[in-house]
Amino acid sequence: MKNQSVKNNIDWICVFIYIALVTLGWLNIYSSSLLSTEGTYQKQLIFIGCTIPLIFVVLFVDGKFYEKYASIIFGVALLSLAGLFLFGKTIAGQRCWYAIGSFTIQPSEFAKAATALALAKYLSDSQINLKDTNRQIQALAIVFLPVLLILPQPDPGSALIYSIFIVVLYREGLPSWYVWTGFITILLFVLTLVLEPYVVILIALAVLMIIHFKGRVVDRNIILSGILLALISGFVLSVDYVFDHVFKQHHRDRFNILLGKSVDMKGIGYNTNQSEIAIGSGGWIGKGFLEGTQTKGGFVPEQHTDYIFTTVGEEWGFAGSLTVIALFVGLFLRVIYLAERQKTKFSRVYGYCVAGILFIHFFVNIAMVIGIFPTIGVPLPFFSYGGSGLWGFTILLFIFLKMDANKVNEW
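Trainee: Which parts of the structure should I look at to understand the pairing of strand β2 (residues 94-100)?
Mentor: Consecutive side chains along a regular strand alternate between the two faces of the sheet. Across 3 bridges, strand β1 (residues 89-91) lies against β2 in antiparallel orientation. Following the sheet pairing, K89 is matched in β2 by W97. Hairpin geometry of β1 and β2 is characterised by an intervening segment of 2 residues between the two adjacent antiparallel strands and by a positive phi of about 55 degrees at A92. Looking at chain direction, β2 and strand β3 (residues 103-105) are connected through 3 bridges and run antiparallel. Each residue of the ladder has a partner; that of Y98, found in β3, is I105. The hairpin turn running from β2 into β3, its antiparallel successor, is 2 residues long, and G101 in that turn takes a positive phi close to 65 degrees.

Trainee: What am I meant to see in helix α5 (residues 70-87) here?
Mentor: Note that an α-helix has 3.6 residues per turn; residues three or four places apart therefore point the same way. Between its first and last C-alpha atoms α5 spans 25 Å; for 18 residues at 1.5 Å apiece the expected length is 26 Å, and the two agree. Considered for burial, the residues of α5 that qualify are A70, F74, A77, L78, S80, L81, G83 and L84. Contacts from the buried residues of α5 go to α4 (63-68), β2, α6 (108-123) and α7 (133-150).

Trainee: Would you explain a nonpolar patch on the surface in this entry?
Mentor: Taken together, I186, V190, V194, L195, I203, V207 and I211 make up a surface patch of nonpolar side chains, about 580 Å² in accessible area. Looking at the nonpolar patch, the elements with two or more residues in it are α10 (176-194) and α11 (197-214). Its place among the elements puts V207 in helix α11.

Trainee: Where do I start with the nonpolar core in this structure?
Mentor: Looking at soluble globular proteins, one finds that nonpolar side chains tend to be buried together. Of all hydrophobic cores here, the largest spans 92 residues; its most connected members are L119, L169, Y350, F382, F383 and F398. If you tally residues by element for this core, the top one is helix α17 (residues 345-369), at 15 residues. Setting aside residues no more than four positions away along its own chain, L169 makes contact with L119, L123, L130, A139, L140, V143 and L174. Of all hydrophobic cores here, the second largest spans 7 residues; its members include L188, V200, I232 and V236.

Trainee: Whenever I open this one, the side chain of S108 confuses me. Can you help?
Mentor: The topology assignment puts S108 in helix α6. On the basis of relative accessibility, which here comes to 1%, the residue S108 falls in the buried class. Ignoring anything within four residues of it in the chain, the contact list for S108 reads L81, I150, D155, S158 and Y162.

Trainee: Could you clarify how one ought to interpret the pattern of salt bridges in this entry?
Mentor: Pairing is possible between side chains that carry opposite charge, provided their charged atoms lie close to one another. Scanning the model with the defined rule gives 8 salt bridges in all. One salt bridge in this structure joins K64 and E67, with 3.7 Å as the shortest N-O distance. Of this pair, K64 and E67 are both found in helix α4, 3 residues apart, which corresponds to roughly one turn of the helix. According to the relative accessible area criterion, K64 is partly exposed, its value standing at 38%. A salt bridge links K287 to E314; its shortest N-O distance comes to 3.0 Å. One end of the pair, K287, is in the loop between α14 (270-281) and α15 (293-296); the other, E314, is in helix α16 (residues 309-340), and 27 residues separate them in sequence.

Rules behind the numbers
- Every residue gets a number counted from 1 within its own chain, in the order that chain's sequence is written.
- Reporting in this predicted model follows two pLDDT cut-offs: at least 70 for local features of residues, and 80 or more for side-chain atom pairs to be given and counted; totals over whole chains, interfaces and linings ignore these cut-offs and use all residues.
- Excluding hydrogens and water, the side-chain figures rest on all heavy atoms present in the structure.
- Strands are treated as partners if at least two bridges between them are detected by DSSP.
- Think of it this way: any DSSP run of H or I at least four residues long counts as a helix, any run of E at least two long counts as a strand, and we number them from the N terminus.
- Here, expected helix span is obtained from the residue count minus one, scaled by 1.5 Å.
- Per-residue accessibility, obtained with a 1.4 Å probe over protein chains only, is compared with the maximum for each type, and a residue is labelled buried under 20%, exposed over 50%, and partly exposed between these values.
- Should any heavy atoms of two residues lie within 4.5 Å, those residues are counted as being in contact.
- Each patch is assembled from residues with relative accessible area greater than 30% and no salt bridge, linking like charges that lie within 9 Å and nonpolar side chains (Val, Leu, Ile, Met, Phe, Trp, Tyr) that lie within 5 Å.
- Exposure was quantified through the Shrake-Rupley algorithm and a 1.4 Å probe, taking into account, for residues, occlusion by the shown protein chains and nothing else.
- Salt bridges, as used here, are contacts in which a Lys or Arg side-chain nitrogen is within 4 Å of a carboxyl oxygen on Asp or Glu.
- Side-chain atoms within 4.5 Å link the members of a nonpolar core, which is a set of buried Ala, Val, Leu, Ile, Met, Phe, Trp, Tyr and Cys residues.

As structure tokens, then:
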């Protein structure tokens with residue numbers, strides 16, 4: 001088939017949504033940092049300007065390059081994460097950045113795309129069957145290698161993002177018990193923080209009894225049920241120790257505030273409280289661009305980064321917030337649609353990774369801002385201030401758009 005230009009085949013719907021989100025993001029950064037003396041919105045404009053040649057480079061490279069060199073790209077990403085322990089710059093207690101003059105680069109933002117490429121490369125092997133335990137371990141190793149390097153920085157927010165790859169693996173054949181195990185583990189952990197351990201164990205016993213007696217005869221394995229109860233009991237009894245001795249104090253405080261076990265509106269809960277006030281004050285149509293009193297008063301710390309959505313809620317109101325959310329949802333659905341029509345497994349898997357990474361960032365950030373998730377430092381894609389985040393998400397998305405544009409040459 002005659003090779004056609006990327007210009008004619010690129011998905012312009014995704015491109016237009018991307019431009020809209022980046023533009024709206026900058027407007028909100030401008031509003032939230034207008035009175036700042038740090039030149040925040042000017043720097044973000046420079047970051048945005050740098051995405052233009054970056055996009056051209058990503059689209060200029062042959063689509064097969066990303067598949068052929070996926071393993072090397074992943075290796076470089078791991079080395080960049082490991083190098084932080086020797087050469088990284090510590091900011092606010094986190095060693096997550098390389099300092100280049102007055103700018104900093106956060107390699108974990110680029111490692112997401114590298115991990116997506118590596119996972120897509122591994123799963124596209126015709127011999128891969130995720131029903132095989134060895135293959136499961138190898139696939140999970142790809143996901144958790146960067147996590148093991150990110151957690152000690154410490155950067156739990158970035159590490160959390162990698163959990164979305166489990167959903168992609170499930171889509172490609174990973175047994176469902178992995179997903180259920182993760183969900184049940186989180187549920188048991190939260191329940192144990194709210195209730196007494198013995199109460200959680202009794203609830204687990206009741207559920208297992210119901211499953212045992214209501215299930216089919218072949219599923220009524222009393223030994224298996226006993227083992228499950230023992231494992232659940234051991235986990236539940238270990239939660240308090242992990243919470244008190246493994247979690248840091250600010251992590252414990254955030255969970256306690258989220259679960260209603262403590263109130264600290266002037267300390268660790270200040271950000272979330274002020275964020276909720278700002279969003280709630282916007283009403284249906286908002287106070288107007290540059291008219292946000294909470295925004296201009298600087299009541300919400302980090303409002304141009306992790307809490308950028310508070311500016312949307314206050315100045316643009318419910319209508320503006322819904323518009324932004326609709327743009328994000330439209331982008332997710334469009335990427336999934338494009339992933340489904342790919343002609344190669346590599347492109348399809350990578351497309352699902354792109355949709356998943358963008359979605360979990362969006363979901364956790366919004367949930368964090370409105371107070372239903374602990375504050376863990378997860379930026380809103382294309383919106384939050386920062387060059388590394390903007391460039392990382394841009395590379396992630398446009399690599400996939402290059403693959404999609406190139407599918408006319410795939411057989």
